[in-house]
Amino acid sequence: MLQQLANGLFAGSIYALFAIGFTLVFGILRHLNLAHAAIFTTGGFLSVDLISRQGLPIWLAFPLVMLAGGLIGLLLERIAFRPLAGRPDEHFAGLISSVAFGGMLIALVQARYGTEQQSISSEAFPNEVYTVAGVSISLAQLTTLGLALVLMLGLAWVVAATPLGRAMRAVAENARAARVLGINVERVTASTYALSSALGAMAGMLMVLNVGQGDLGMGLAIELTGFAVIILGGMGSLWGAMAAGLILGLAEALTIHHIGSSWKDVVAFGLLFAILLVRPQGLFGTIKAREV
Amino acid sequence: MRSRVASTAVVAAVAVLAAGCVEDGAADDEEATAVEGLAGEGSGEECTIEEPVPVGVVFSLTGGAAFAGEYQREGLELAFEEINGKGGVEYELVLEDDATELEDSIAAFEKLIERDEVSIIVGPTLSDMAFSTFEDAQQAGVPVLGISTTAKGIPDIGDYVFRNSIPEEVALAQSLPAARDALGLENVAVMHDNEDEFTSSAYTTMTEVLDEEGIEIVGDETFQTADTEFRSQLTKIREDDPDALVLSALPAATVPLVQQARELGLDVPIVGGNAFNSPVMIDNLEDAAEGLIVGGAWSDALDSPGNAEFIESYTDTYDRAPDQFAAQAYTAAHMIDAAVRAGCDGNREAIKTNLGQLSELDTVLGTLSLDENGEVHHEPVVQIVEDGEFTLLDG
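Please read these numbers as outputs of a predicted model, since none were measured by experiment.

Looking at this structure, I do not really get the overall build of chain A. What am I missing?
Of the regular secondary structure elements, chain A holds 11 helices and 4 strands. The C-alpha radius of gyration computed for chain A amounts to 19 Å, which stays within 12% of the reference 19 Å derived for 292 residues, consistent with globular compactness. A burial count over chain A gives 55% of its 292 residues as buried. When contacts within chain A are restricted to residue pairs at least 6 apart in sequence, long-range pairs at least 24 apart make up 76% of them. Carbon and sulfur atoms form 69% of the exposed surface of chain A, whose accessible area is close to 12200 Å². Distance from the positive charge centre (15 side chains) to the negative charge centre (14 side chains) of chain A: 13 Å.

Before we go on, may I ask you to explain unusual backbone geometry in this structure?
Glycine aside, negative phi is the norm for most residues, and most peptide bonds take the trans geometry. All names here are of chain B. Cis geometry is adopted by the peptide bond preceding Pro 124, which originates at Gly 123 and carries an omega value of 0 degrees. Take Pro 124: it is sitting in the loop between β3 (120-122) and α5 (127-140). The phi angle at Asp 387 is positive, at roughly 50 degrees, despite the residue not being glycine.

Hey, could you run me through the environment of Ala 173 of chain B in this one?
Along the polypeptide, Ala 173 of chain B turns up in helix α6 (residues 168-183). Ala 173 of chain B sits in the partly exposed class, given a relative accessible area of 31%.

Just checking my understanding: could you explain the interface of chain A and chain B for this structure?
Think of interface size as the accessible area that goes away when the parts come together; that is how it is often given. The interface is formed by 33 residues belonging to chain A together with 30 residues belonging to chain B. Across the contact surface, chain A and chain B share 1 salt bridge. We note a salt bridge from Lys 264 of chain A to Asp 227 of chain B, for which the minimum N-O separation is 3.0 Å. Inspection of the region where chain A meets chain B yields 13 residue pairs in polar contact (both at pLDDT 80 or more). Where the side of chain A that touches chain B is concerned, the elements lending two or more residues are α1 (2-29), β3 (135-138), α8 (185-211), α10 (238-258) and α11 (264-278) of chain A.

How do you make sense of the sheet that holds strand β5 (residues 161-163) of chain B when you look at a structure like this?
Think of a sheet as strands paired side by side through backbone hydrogen bonds, with each pair either parallel or antiparallel. All names here are of chain B. Pairing is parallel across the open sheet formed by 5 strands, whose spatial order is β2-β1-β3-β4-β5. Looking along the sheet, the strands with just one partner apiece sit at the ends: β2 (91-97) and β5. Averaged over all adjacent pairs, the angle separating strand axes in this sheet is 25 degrees, with direction ignored. Note that β3 and strand β4 (residues 144-146) share 2 bridges and pair parallel. Directly across from Val 122, in β4, lies its bridge partner Leu 145.

I tried to follow the domain arrangement of chain B on my own but got confused; where do I start?
Residue and element names in this part refer to chain B. Domain parsing of chain B yields domain 1 (37-166 + 306-377) and domain 2 (169-296). A C-alpha centroid distance of 31 Å is found between domain 1 and domain 2. Tallying the contact residues gives 7 residues for domain 1 and 9 residues for domain 2. With both sides pooled, the region where domain 1 packs onto domain 2 buries about 670 Å², and carbon together with sulfur makes up 55% of that total. Scanning the region where domain 1 abuts domain 2 turns up 0 residue pairs in polar contact (both at pLDDT 80 or more).

Please explain the environment of Ala 228 of chain A as it appears in this structure.
All names here are of chain A. Relative to the elements of secondary structure, Ala 228 occurs in helix α9 (residues 218-233). Distance in space between the C-alpha atoms of Ala 228 and Gly 245 is 8.8 Å, their sequence separation being 17 residues. The contacts of Ala 228, once residues within four sequence positions are left out, are Leu 248, Phe 269 and Leu 272.

What exactly am I supposed to notice about the pairing of strand β14 (residues 381-386) of chain B here?
One face of the sheet, then the other: side chains in a regular strand alternate in exactly this way. Residues and elements named next belong to chain B. Here β14 lies mainly inside the structure; 5 of its 6 residues are buried. In the sheet, strand β10 (residues 292-296) pairs with β14 via 4 bridges, with the strands oriented antiparallel. Counted as the bridge partner of Gly 295 is Val 382 from β14. Pairing analysis gives 4 bridges linking β14 to strand β15 (residues 389-392), with the strands arranged antiparallel.

Sorry, what's going on with the pattern of salt bridges here?
If charged atoms from side chains of opposite charge come close, those side chains can pair. Residues and elements named next belong to chain B. As enumerated under the stated definition, the model contains 20 salt bridges over all chains in all. The salt bridge involving Glu 96 is made with Lys 111; its shortest N-O contact spans 2.6 Å. With a gap of 15 residues between them, Glu 96 in strand β2 and Lys 111 in helix α4 (residues 102-115) connect regions that are remote in the sequence. Judged by relative accessible area, which is 18%, Glu 96 ranks as buried. Among the salt bridges present, the one from Asp 159 reaches Lys 352, with a minimum N-O distance of 3.4 Å. Taken as a pair, Asp 159 in the loop between β4 and β5 and Lys 352 in helix α13 (residues 348-355) lie far apart in primary sequence, 193 residues in all. Residue Lys 352 is classed as buried on the basis of its relative accessible area, which comes to 18%. What you see here is one network of salt bridges that share partners, running through Glu 45, Lys 86, Asp 337 and Arg 341.

I tried to follow the sheet that holds strand β9 (residues 270-272) of chain B on my own but got confused; where do I start?
All names here are of chain B. On the basis of which strands lie adjacent, the open sheet formed by 7 strands has the order β7-β6-β8-β9-β10-β14-β15 and mixed pairing. Because the sheet does not close on itself, it has two edges, and the strands there are β7 (216-223) and β15. Going from strand to strand, the sheet's axes swing by 25 degrees on average, the running direction of each strand aside.

Teacher, can you tell me more about the side chain of Lys 236 of chain B here?
Secondary-structure assignment places Lys 236 of chain B in helix α8 (residues 231-240). With near-sequence residues (within four places) excluded, Lys 236 of chain B lies in contact with Gln 4, Ile 256, His 257 and Gly 260 of chain A together with Glu 221 of chain B.

Hey, could you run me through the packing of helix α2 (residues 36-53) of chain A against α8 of chain A in this one?
Working note: a packed helix pair is described by the angle between its axes plus the distance between those axes. Residue and element names in this part refer to chain A. The contact between α2 and α8 brings their axes to 7 Å, and the two run at 55 degrees. With respect to α8, the element α2 is oriented oblique. Here α2 and α8 pass one another in a crossing that is right-handed. Note on element contacts: α8 touches α2 through Ser 196, Ser 197, Gly 200, Ala 201, Ala 203, Gly 204, Met 205, Met 207 and Val 208, opposite His 36, Ile 39, Phe 40, Gly 43, Gly 44, Ser 47, Val 48 and Ile 51. Here the contact of α2 with α8 is composed, by residue class, of 9 nonpolar, 8 polar and no charged.

What exactly am I supposed to notice about the pairing of strand β12 (residues 366-370) of chain B here?
Residue and element names in this part refer to chain B. Of all 5 residues in β12, 4 are buried; the element is thus mostly enclosed. Bridge count between strand β11 (residues 361-363) and β12: 3 bridges; the pairing is antiparallel. Of the residues in β12, the one forming a bridge with Leu 361 is Leu 368. The pairing of β12 with strand β13 (residues 376-377) spans 2 bridges and is classified as antiparallel. Following the sheet pairing, Ser 369 is matched in β13 by His 377. Count of turn residues in the β12/β13 antiparallel hairpin: 5 residues, of which Gly 374 carries a positive phi of about 95 degrees.

Please clarify how helix α4 (residues 90-113) of chain A should be interpreted in this entry.
Helical geometry: 3.6 residues make up each α-helical turn, so side chains three or four residues apart lie on a common side. Residue and element names in this part refer to chain A. The end-to-end C-alpha separation of α4 is 34 Å, in line with the 34 Å expected for 24 residues at 1.5 Å each. The set of residues buried in α4 consists of Ala 93, Gly 94, Leu 95, Ser 97, Ser 98, Phe 101, Gly 102, Leu 105, Val 109 and Tyr 113. Check the buried side of α4 and you find it contacts α2, α3 (58-81) and β1 (118-119). Positive backbone phi, approximately 80 degrees, marks Gly 114, located one or two places after α4.

Definitions and limits used
- Residues numbered from 1 in each chain as written.
- Chains lettered and ligands numbered in written order.
- Predicted model: local features only at pLDDT ≥ 70, side-chain atom pairs only at ≥ 80, totals over all residues.
- Heavy atoms only, no water.
- Helix = DSSP H or I, 4+ residues; strand = E, 2+ residues; numbered from the N terminus.
- Rg over C-alpha atoms; globule rule 2.2 N^0.38 Å.
- Buried < 20%, exposed > 50% of the residue type's maximum accessible area, 1.4 Å probe, protein only.
- Contact = heavy atoms within 4.5 Å.
- Areas by Shrake-Rupley, 256 points an atom, 1.4 Å probe, with all protein chains shown as cover.
- Lys, Arg positive; Asp, Glu negative; His and termini not counted.
- Charge placed at Lys NZ, Arg CZ, Asp CG, Glu CD.
- Salt bridge = Lys/Arg side-chain N within 4 Å of Asp/Glu carboxyl O.
- Polar contact = N/O pair within 3.5 Å; in protein donor to acceptor, adjacent residues only side chain to side chain.
- Pairing = 2+ DSSP bridges.
- Axes fitted to C-alpha atoms, helices over the stretch in contact; angles between N-to-C directions.
- Domains from an automatic or database assignment.
- Buried area = accessible area lost by both parts, 1.4 Å probe.
- Parallel < 35°, antiparallel > 145°, perpendicular 65-115°, else oblique.
- Left-handed = near helix turned anticlockwise from the far one by under 90°.
- Nonpolar A, V, L, I, M, F, W, Y, C, P; charged D, E, K, R; others polar.
- Expected span 1.5 Å × (residues − 1).

Okay, structure coming up:
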């Protein structure tokens with residue numbers, strides 16, 4: 001039972017980290033960025049490359065993968081979203097162009113690494129397993145949980161307490177008013193994408209460390225769960241995404257334990273609908289579904 | 001989206017062209033079915049055929065199944081190179097890549113049948129595509145030899161359809177009793193991917209075999225094809241305390257699943273199907289691979305006719321060790337050569353007739369026969385991973 005709670009918590013922390021980057025862009029810019037899953041996959045493959053092929057130590061790979069994710073985010077904003085700004089169908093067109101950007105990214109990853117799963121060498125990361133009160137926890141899982149929490153709290157701090165965060169919240173409230181007040185909206189938009197994508201790439205890296213391999217389909221696999229987490233937590237809510245990620249991870253683990261593994265999705269998504277019946281705006285969402 | 005539209009357009013265009021060809025070709029149909037230069041003199045090793053025998057090949061060399069297609073291409077090319085060196089009969093390969101797409105696979109078959117007028121087609125890599133393409137070949141009267149199409153019902157498509165890949169069911173039916181005898185299993189936990197047709201049908205066979213062999217199933221868990229997190233299911237299985245875990249999964253799920261099992265302290269032997277049967281699997285799993293038991297068609301430890309020579313010349317040529325896909329492709333070339341030499345005739349009809357009569361052929365897969373249905377029969381190999389190497393498990 002305790003083991004199942006731990007299993008759920010670790011899985012949930014990756015869901016949460018994936019979802020938080022996704023919801024950040026929606027909360028501030030109202031853009032649905034469907035390239036997020038592709039950036040997650042790219043981050044995963046890049047970390048296999050840096051660690052297993054280039055032989056970089058893991059502590060150096062972490063910031064590099066985040067940096068790469070951030071740069072891809074800037075590119076994404078510049079190519080897929082900025083040219084559409086101001087069009088009446090900006091949001092819908094952006095959704096489509098982000099799908100296209102994601103597809104291109106995956107094609108590039110495939111061209112570079114091929115279609116096979118890329119496994120991470122075990123020497124790169126100590127394969128330590130700790131057993132506490134009958135619960136087996138690997139070092140990779142602990143690192144994942146720790147880093148996910150640090151990154152999520154870090155993001156919350158950036159949004160709440162830094163000048164960039166204040167500017168972000170102003171843009172979220174009303175972009176035109178923010179511009180009138182002298183805020184460089186373009187720069188805030190670009191920074192939001194960079195932050196979001198850095199977190200997405202990082203989530204991909206943690207996933208790879210956790211399961212031992214990168215797979216071209218890993219983004220698709222987490223995307224649906226990620227959407228569920230965002231809706232459950234309340235569109236655009238950072239705290240909501242965090243809480244909902246952990247809840248969904250736990251719900252899946254407990255369903256497998258008590259009901260059966262075939263019912264995992266039924267119960268997890270049933271829970272989603274049940275919560276939405278009671279709170280249509282999600283756990284932490286506001287009615288207009290727009291906050292940070 | 002775009003590529004789908006484009007490939008649909010290509011298929012449409014090919015279909016139009018093909019329809020045109022059929023009308024044009026109807027008149028000289030008689031000549032097309034029997035080419036004089038392909039009928040030779042002598043028999044067996046002494047057989048000489050004037051014209052090179054055209055062999056069509058459709059593999060997934062790019063896309064999702066490329067991991068298998070590349071090995072298949074190498075295995076087949078190596079074998080035909082060796083056979084061509086013997087003299088008497090020469091084979092000319094026409095290679096097509098179906099990019100792991102059904103439309104491309106159908107188009108490739110159309111091209112090989114109508115334009116290249118090949119005598120036999122080897123491939124495709126995936127069963128999904130074989131169901132459509134083998135139907136086309138059957139109607140055109142072109143023999144096909146599947147080398148990795150293990151799905152149920154493939155040989156039933158028609159009398160021009162053959163395969164040399166034993167179904168997963170046959171491999172599993174062999175490996176479970178062998179594992180029980182060698183390791184004294186009394187109860188097992190079963191885990192399978194319930195989203196995939198191939199793994200689900202293997203799961204049904206597994207439970208039947210377990211039942212027949214009197215092995216109790218103490219745990220039964222499922223997961224989905226794209227899953228990479230299995231700790232919750234494995235935790236439950238750990239509590240069931242089975243003697244072994246029986247697994248039906250695709251390669252992508254296998255590595256994380258086995259790693260997570262070992263990490264959670266589930267150290268029992270894990271019995272699996274074809275997905276385990278690759279040296280890549282041991283490399284990726286490293287220490288976690290210990291105790292994996294695999295039923296498959298081929299092993300590098302197999303003491304079959306010519307196996308050691310095959311492994312040596314493959315490794316020399318391609319700088320990597322062959323896998324089961326390569327071995328089955330290599331075998332296909334020798335089967336075709338045996339069928340052609342048996343009647344000393346490289347025409348479609350002759351190959352079809354003689355391939356159907358192959359019996360007790362010595363190959364790297366062991367002694368192999370085809371039955372009247374085109375289904376292959378040979379002894380599967382049961383192996384266990386010990387000290388990082390596949391070794392034969394003696395039941």
